[in-house]
Amino acid sequence: MLDLHRLMLLREIKFRGSMSAAARNLSYSHSAVSQQMSLLEKEVGVVLLERVGRGVRLTDAAEQLVRHTESVLAILEEAESDLASALGEIRGSITIATFGTVARAIVPQALVRLRRMYPQLRVDFEQYEPEEGLARLAGRRLDLLIADQYPDSPMPVGAALDAQLIYRDPVAAYLPVGATAETVSDLELLPWVTEPRGTGSFAWVQQTCRSVGFEPDVRYQSADVLFHLRLVEAGLAAAFLPGLVVQESVAELHPSPLFPGTYARGIHAISREGSQNRPAITACKAAIRDVMTTVCGPDHPQSATPDL
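Given the structure is predicted, the values throughout are model-derived calculations rather than measurements.

Time to look at the environment of Val52. Summarising the element assignment, Val52 is placed in strand β1 (residues 49–52). Sequence-wise, Val52 and Ser18 are 34 residues apart; in three dimensions their C-alpha atoms are separated by 9.3 Å.

Written as structure tokens, this is what we have:
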């Protein structure tokens with residue numbers, strides 16, 4: 001019988017790219033992980049890891065073991081979900097995570113709702129951007145991740161994860177307060193603020209501006225979308241702002257009519273395959289979705305948001 005703990009260590013090495021990174025992430029020593037991998041290789045009778053530079057690469061046999069491990073873990077997650085459903089009440093503990101916008105605007109109210117409705121459920125919260133959150137979710141350090149996705153910007157959600165679209169957050173272009181733009185040429189003269197180059201959001205903004213007929217003059221870049229809002233309010237830059245951010249504005253903002261499209265980013269609830277129907281996870285997804293609808297209004301059904 002193969003040792004599941006060692007198989008999970010092998011899976012972690014695959015995700016992290018080296019034994020050292022896996023050891024740090026799991027708070028183990030490098031020697032402890034190395035010893036466990038040596039024992040696993042003796043159990044299976046084949047080489048599992050090949051050294052590549054400072055890291056390691058999984059052999060074909062190791063890759064196959066990881067795939068089987070994913071299947072086993074999904075079955076165990078489903079069994080846990082079934083047992084939790086049989087209890088007839090929502091209890092226990094769950095760890096959820098999301099990015100800054102949802103953390104500020106949605107999570108506090110959702111936590112209040114969950115505490116009121118399910119007093120025996122403990123909900124821990126951590127804040128991560130989607131990429132880091134996905135790694136922690138796959139590594140079983142989170143139970144539920146709320147992540148955003150801009151159109152035509154696929155998120156690397158593997159087969160071991162389940163993603164459910166729970167809300168479409170409208171996105172619109174806003175001019176700097178006090179500025180006017182009557183033509184597309186005027187838009188090209190304005191400074192713009194975006195998320196950093198290389199992100200899905202930046203690529204979408206660039207593509208959207210080009211589809212209208214101009215190249216945005218990007219002078220400011222920040223992953224903090226609230227910073228984008230503050231630059232718009234200060235009259236310093238134009239920006240594409242999601243509805244969850246606009247509702248935090250201290251000024252009265254109106255979308256630019258020069259962008260004819262109807263845009264939205266998808267807000268997805270992501271959990272591990274097999275756990276998506278666990279009562280605690282279902283309750284958290286429902287609470288977050290309900291608060292989003294209360295804060296920003298009904299879903300944005302006319303916007304095409306691709307599946308993950």
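Now that the structure has been shown, we can carry on.
Turning our attention to the packing of aromatic side chains. Inspection of every chain in the model, using the stated rule, returns nine aromatic pairs. Considering the side-chain rings of Trp204 and Tyr263, the 5.4 Å spacing of their centres and the 80 degrees angle between planes classify their relative orientation as edge-to-face. With Trp204 in helix α9 (residues 200–212) and Tyr263 in strand β10 (residues 263–272), this residue pair connects regions lying 59 residues apart in the sequence. Among the aromatic side chains, those forming a connected cluster through ring pairs are Tyr150, Trp192, Trp204, Phe214, Phe240, Phe259 and Tyr263.

Mapped onto the secondary structure, Thr194 falls in strand β7 (residues 191–194). Among all residues touching Thr194, those that are not within four sequence positions of it are Phe202, Val205, Val218, Tyr220, Gln221, Ser222 and His228.

In contact at an axis separation of 9 Å, helix α6 (residues 107–117) and helix α12 (residues 279–296) are set at 130 degrees when each is read in the N-to-C sense. With respect to their mutual orientation, α6 and α12 come out oblique. Crossing angle aside, the handedness with which α6 passes α12 is right-handed. Taken together, the residues of α12 that come into contact with α6 (itself represented by Gln109, Ala110, Arg113 and Leu114) are Ala283, Cys284, Ala287, Ile288, Asp290, Val291, Thr294 and Val295.

This part takes up the pairing of strand β9 (residues 239–242). Along any regular strand the residues' side chains alternate between the sheet's two faces. What you see with β9 is no split at all: Ala239 and Leu241 on one side and Phe240 and Pro242 on the other are buried throughout. Where strand β6 (residues 161–174) lies against β9, four bridges are found, and the strand directions are antiparallel. In the sheet register, Tyr174 faces β9, and the bridge partner there is Ala239.

Let us look at the sheet that holds strand β5 (residues 144–149). Pairing within the open sheet is mixed, and its six strands lie in the order β4-β3-β5-β10-β6-β9. Taken across any chain shown, the strands that pair with only one partner, and hence form the sheet edges, are β4 (121–127) and β9. Averaged over all pairs of adjacent strands, the angle between strand axes in this sheet comes to 25 degrees, irrespective of strand direction. Across three bridges, the pairing between strand β3 (residues 92–98) and β5 is parallel. Paired with Thr98 across the strands is Ile146, a residue of β5. Of the strands in this sheet, β5, β6 and β10 are in contact with helix α7 (residues 130–138), which crosses β5 at around 150 degrees. The strands touched by α12 are β3, β4, β5, β6 and β10; relative to β6, the strand with the most contacts, the crossing angle is about 15 degrees.

Take the nonpolar core next. Judged by nonpolar contacts, the single largest core of 26 residues is most densely connected at Val102, Ile106, Ile146 and Met292. Counting only elements with at least two residues in this core, the list comes to β3, α5 (100–105), α6, β5, β6, β10 and α12. Of all the elements, α12 adds the most residues to this core, at eight residues. With residues near it in sequence (within four places) discarded, Ile106 still touches Leu244, Ile288, Val291, Met292 and Val295.

In total, this model carries 15 salt bridges according to the counting rule given. Residues Lys14 and Glu63 are paired through a salt bridge, measuring 3.0 Å at the closest nitrogen-oxygen approach. Pair noted here: Lys14 is in helix α1 (residues 4–16) and Glu63 is in helix α4 (residues 60–86), with a separation of 49 residues, a long-range link. Using a relative accessible area of 36% as the deciding quantity, one classes Lys14 as partly exposed. For the salt bridge of Arg278 with Asp143, the shortest nitrogen-to-oxygen distance reads 3.6 Å. Pair noted here: Arg278 is in the loop between β10 and α12 and Asp143 is in the loop between α7 and β5, with a separation of 135 residues, a long-range link. The burial state of Arg278 is the same as that of Asp143; both residues are buried. Put simply, Asp143, Arg272 and Arg278 are held in one network by salt bridges that share partners.

Rules used throughout
- Residues numbered from 1 in each chain as written.
- Predicted model: local features only at pLDDT ≥ 70, side-chain atom pairs only at ≥ 80, totals over all residues.
- Heavy atoms only, no water.
- Helix = DSSP H or I, 4+ residues; strand = E, 2+ residues; numbered from the N terminus.
- Phe/Tyr/Trp six-rings, centres within 6.5 Å; stacked < 30°, edge-to-face > 60°.
- Contact = heavy atoms within 4.5 Å.
- Axes fitted to C-alpha atoms, helices over the stretch in contact; angles between N-to-C directions.
- Parallel < 35°, antiparallel > 145°, perpendicular 65-115°, else oblique.
- Left-handed = near helix turned anticlockwise from the far one by under 90°.
- Buried < 20%, exposed > 50% of the residue type's maximum accessible area, 1.4 Å probe, protein only.
- Pairing = 2+ DSSP bridges.
- Core = buried A, V, L, I, M, F, W, Y, C linked by side-chain atoms within 4.5 Å.
- Salt bridge = Lys/Arg side-chain N within 4 Å of Asp/Glu carboxyl O.

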